[in-house]
Amino acid sequence: MALQCGIVGLPNVGKSTLFNCLSNAKAQVANFPFCTIEPNVGTITVPDERISKLTELVKPQRIVPTTVEIVDIAGLVKGASKGDGLGNKFLSNIRETNAIIHVLRCFDDDNITHVDGSVNPVRDKEIIDLELQLKDLETVEGRIDRVQKAAQSGGDKEAKRMYELLTRFRDALRQGKSVRTVPLDSKDDRRQAAELFLLTDKPVLYLCNVDEKSAVQGNKYVDMVREATREENAACLVVAAKIEEEIAELDSFEERQLFLEEMGLKESGVARLIKAAYRLLDLETYFTAGPLEVHAWTYAKGTKAPQAAGIIHTDFEKGFIRAEVIKYDDYVKYGSESACRDAGKLAVEGKEYVVQDGDIMHFRFNV
C-alpha cells in the first residue's frame, strides 16, 4: 500500500523548500504567493536501516524499498475554499491523500514576506483549518442533498446510515470542528467516512519550519504550536527546511551524517517526518528477502498473514496456506534464512498470525 501525503500551508512558509528536500523533483521557490501553480508530485524512498542491513546479508540482484508520494500544492489563503488564490482547484489535488503535512512558519526573516504581515503560526493554522473545514462543509451539504430523500423514505438502509453520518459531520463543521473529531462507532461508519475523502478527516502532521539555530530545540513559535495542538491527535515536528535542502544536496551518506552531527541532530528531518507519518497512520513494514530481491512492504498495524500476503499479490491471499516468519533481529544475528532455520528461529504461522514490524516473511500458497 503506497502512502501519499499532501503538503498544505500559507504562501511563503517553506512548503516548496520542504518538498525539494523530500523528493528528487525541484519545485520553484520564490518570495511571492502562488509561486507553485500546478501541484508538484514527488516520490521519496522511506528511510529504513533494516533494508540496508538485509541487503548486506542477502546480496540480492535488486532492492525494492517502500516509497511515499508527496503532493505539494500552492499556498492557500483566506477564501481558498471558495476559489480565492485558485485554492479551490488546489484543494482537490490532496483529496485522496492518506495524510496531510501542515507546514507552519516558525521563523523570523524580514527578507521573506508573510502573506498576513507577521509571523504567528497559530493564526496561520486556524486559517488553513477553516478553509479545509469550509471545503468539507460544501462537500457534505452537497451529499446530504443527494441522499436525503432516499434516507427519509425508509427503504434504503445504506442511504439512511450515510445521511445520519453526514448530518453529524455537518454539525461538527458548522461549529468549526474538523471531521476527525467526530467519533465513529462502527466499521460501516468508518467505511462510509473514508468514501467521502474529506480533507479534515485525514490525520495531520504539523511541521514547524524553523531557522537554523532552532533546529534542535525549537523556539517560542514551536511552543505556541505545541500548546495549540495539545488536544489534537496529531504529531508535531521541528524541521529546518532550508538545512534539509542543503543536506539533500550532499553526495554521500557520510557527508550527510557529518553535517547532521555538526548541527547536533541524530537524523534528518526527512527521516523523522516519514517515520512520524507511518506512526500517525499505524503503518509498519515487513520484508521478503532472497537472492532475486530484498523487498520492503508497507501494511496496516494489526494485519494478519493472509492479508499481508495479498499486498504482494491477490493470489497469495486467496490461496494462502502458511507463512514462514523470521524475526529481523534473529536474521541479523544468524546471517541467513538457512542458519535461522537450523537454529529453530523460523516459525510457521497460520491464518490468524498478526504480522509484526520487521518480520521477514515467505508465503506458501496454492491457487
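First, a word on what this report is: a plain description of the structure on this page. These numbers were taken from a predicted model, which means no experiment stands behind them. (Residues numbered from 1 in each chain as written. Predicted model: local features only at pLDDT ≥ 70, side-chain atom pairs only at ≥ 80, totals over all residues. Heavy atoms only, no water.)

A short note on the sheet that holds strand β7 (residues 235-239)
Strands sit in the order β2-β4-β1-β5-β6-β7 across an open sheet of six strands; the sheet is mixed. Both outer strands of the open sheet, β2 (40-45) and β7, are each paired with one neighbouring strand and no more. Neighbouring strand axes in the sheet, compared pairwise and without regard to direction, differ in orientation by 25° on average. Pairing analysis gives six bridges linking β2 to strand β4 (residues 67-72), with the strands arranged antiparallel. (Pairing = 2+ DSSP bridges. Helix = DSSP H or I, 4+ residues; strand = E, 2+ residues; numbered from the N terminus. Axes fitted to C-alpha atoms, helices over the stretch in contact; angles between N-to-C directions.)

Brief notes about the pairing of β4
Each regular strand carries side chains that alternate between the two faces of the sheet. Taken together, the five bridges between strand β1 (residues 3-8) and β4 define a ladder with parallel strand orientation. The residue of β4 that forms the bridge with Q4 is E69.

A few points about the pairing of strand β10 (residues 320-326)
Taken across its seven residues, β10 has five buried, putting it largely inside the fold. With six bridges connecting them, β10 and strand β12 (residues 360-365) associate as antiparallel partners. Bridging across to β12, R322 finds its partner in R364. Where β10 and strand β11 (residues 347-349) come together, three bridges link them in antiparallel fashion. Each bridged residue has a counterpart across the sheet, and for V325 the counterpart in β11 is A347. (Buried < 20%, exposed > 50% of the residue type's maximum accessible area, 1.4 Å probe, protein only.)

What about the packing of aromatic side chains?
Counting across every chain of the model gives five aromatic pairs. Here Y286 and Y299 contribute two aromatic rings whose centre-to-centre distance is 5.9 Å and whose plane-to-plane angle is 45°, an arrangement assigned as tilted. Of the two residues, Y286 sits in strand β8 (residues 283-289) while Y299 sits in strand β9 (residues 293-300), which places them 13 residues apart along the sequence. The same class applies to Y286 and to Y299, which are both buried. (Phe/Tyr/Trp six-rings, centres within 6.5 Å; stacked < 30°, edge-to-face > 60°.)

Considering the packing of helix α5 (residues 157-174) against helix α6 (residues 187-196)
Contact geometry of α5 with α6 gives a least axis separation of 10 Å together with a crossing angle of 70°. It follows that α5 is roughly perpendicular to α6 by the angle criterion. Contacts between α5 and α6 involve E158, R161, M162, L165, L166, R168 and F169 from the first element and D188, D189, R191, Q192, A193, E195 and L196 from the second. Of the residues contributing to the contact of α5 with α6, the split by class is six nonpolar, one polar and seven charged. (Parallel < 35°, antiparallel > 145°, perpendicular 65-115°, else oblique. Contact = heavy atoms within 4.5 Å. Nonpolar A, V, L, I, M, F, W, Y, C, P; charged D, E, K, R; others polar.)

Section: empty space enclosed by the protein
For the structure shown, the criterion picks out one cavity of 30 Å³ or more. Here the largest cavity is characterised by a volume of approximately 60 Å³. Sorting the residues of the lining of the largest cavity by element identifies β5 (99-105), α4 (121-153) and β6 (204-209) as the ones contributing at least two each. Split into classes, the residues belonging to the lining of the largest cavity amount to four nonpolar, three polar and two charged. (1 Å grid on protein atoms, 1.4 Å probe; cavity = no way out; pocket = protein on both sides within 12 Å on 5 of 7 lines; lining within 4 Å. Points joined across faces, edges and corners; volume = space filled by probe spheres on them.)

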